[in-house]
Amino acid sequence: MEERRRIISILMENEAGALSRVAGLFSARGFNIESLTVAPTEDSTLSRMTLVTDGDEAVIEQVTKQLNKLVDVVRLMDLTDDRHIQRELMLVKVEVTGEAREEVKRLVDIFRGNVVDVGETLYTVELTGAGDKLDAFLEALSPNRIVEVVRSGISGIARGGRALTVR
């Protein structure tokens, strides 16, 4: 079977240790978590986790069954095969001096980003979008200009009427 990247969205109890139990499930089975984002939902008793991992159909089926057995997990949805929207946030600290200031500013505009902090020799740039857009921005920058990169990991939501709720 072919391994592929999977995006799993999980609605879980907003309790101490819930995140640890999900991560522990992956660790105990030797599965890698590529990215993980978690935040409370509109219901303060629930959190939403978006988890990205790799695996073939059998592995993903095993993972979802094990996740559903965890007492903290209320519901989960594999977003991968259905229409969905995914975004990632990236902050990049870029060294800018002389003409590079304008060059980096043009690049930020092309990628529809924002300069959120301006220093004497540094810009901090904020970009949101699909991972390949963020990767393309980094590739367009001169590597020796990049001082620091912080990425949030993927957040995803199903398109249309399909929703991950308790209703």
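What you are looking at is a predicted structure, and each value in this text was computed from that prediction instead of being measured.

**Q** Describe the sheet that holds strand β4 (residues 73-78), naming the residues involved and giving the relevant values.
**A** Overall, antiparallel pairing links the 4 strands, which are arranged β2-β3-β1-β4 in an open sheet. In this open sheet, the two edge strands, each paired with only one partner strand, are β2 (33-40) and β4. Taking the axes of each pair of neighbouring strands and ignoring which way they run, one obtains an average angle of 15 degrees across the sheet. Relative to the sheet, helix α1 (residues 18-28) contacts β1 (4-13), β2 and β3 (46-55), its axis offset from that of β3 by approximately 15 degrees.

**Q** Which residues make up the side chain of T64, and what are the values?
**A** Topologically, T64 is positioned in helix α2 (residues 57-69). A residue is classified by how much of its surface remains accessible, and T64, at 15% relative accessible area, is buried. Residues within four places of T64 in sequence aside, it is in contact with I8 and L76.

**Q** Could you give an account of unusual backbone geometry, naming the residues involved and the relevant values?
**A** Backbone geometry places R112, a non-glycine residue, at a positive phi of 55 degrees. Residue placement: R112 occurs in the loop between α3 (100-110) and β6 (114-118). Classification of R112 as exposed rests on a relative accessible area of 73%.

**Q** Provide a residue-level description of the packing of α1 against α2, including the pertinent values.
**A** Where α1 contacts α2, the two axes come as close as 11 Å, and the packing angle between them is 145 degrees. In this structure, α1 meets α2 at a crossing whose hand is right-handed. Touching V22, L25 and F26 of α1 are V63, Q66 and L67, all from α2. For the contact of α1 with α2, the residue count by class is 5 nonpolar, 1 polar and no charged.

**Q** Any details on α1? Residues and values, ideally.
**A** Along α1, the residues classified as buried are A18, V22, L25 and F26. Buried residues of α1, seen end-on, are gathered within an arc of 95 degrees and therefore sit on one face of the element. α1 presents S20, S27 and A28 as exposed residues on the side facing more than 90 degrees away from its buried surface. Summarising the contacts, the buried residues of α1 are in contact with β1, β2, β3 and α2.

What counts, and where the lines are drawn
Residues numbered from 1 in each chain as written. Predicted model: local features only at pLDDT ≥ 70, side-chain atom pairs only at ≥ 80, totals over all residues. Heavy atoms only, no water. Pairing = 2+ DSSP bridges. Helix = DSSP H or I, 4+ residues; strand = E, 2+ residues; numbered from the N terminus. Axes fitted to C-alpha atoms, helices over the stretch in contact; angles between N-to-C directions. Contact = heavy atoms within 4.5 Å. Buried < 20%, exposed > 50% of the residue type's maximum accessible area, 1.4 Å probe, protein only. Left-handed = near helix turned anticlockwise from the far one by under 90°. Nonpolar A, V, L, I, M, F, W, Y, C, P; charged D, E, K, R; others polar. Arc of directions from axis to C-beta.

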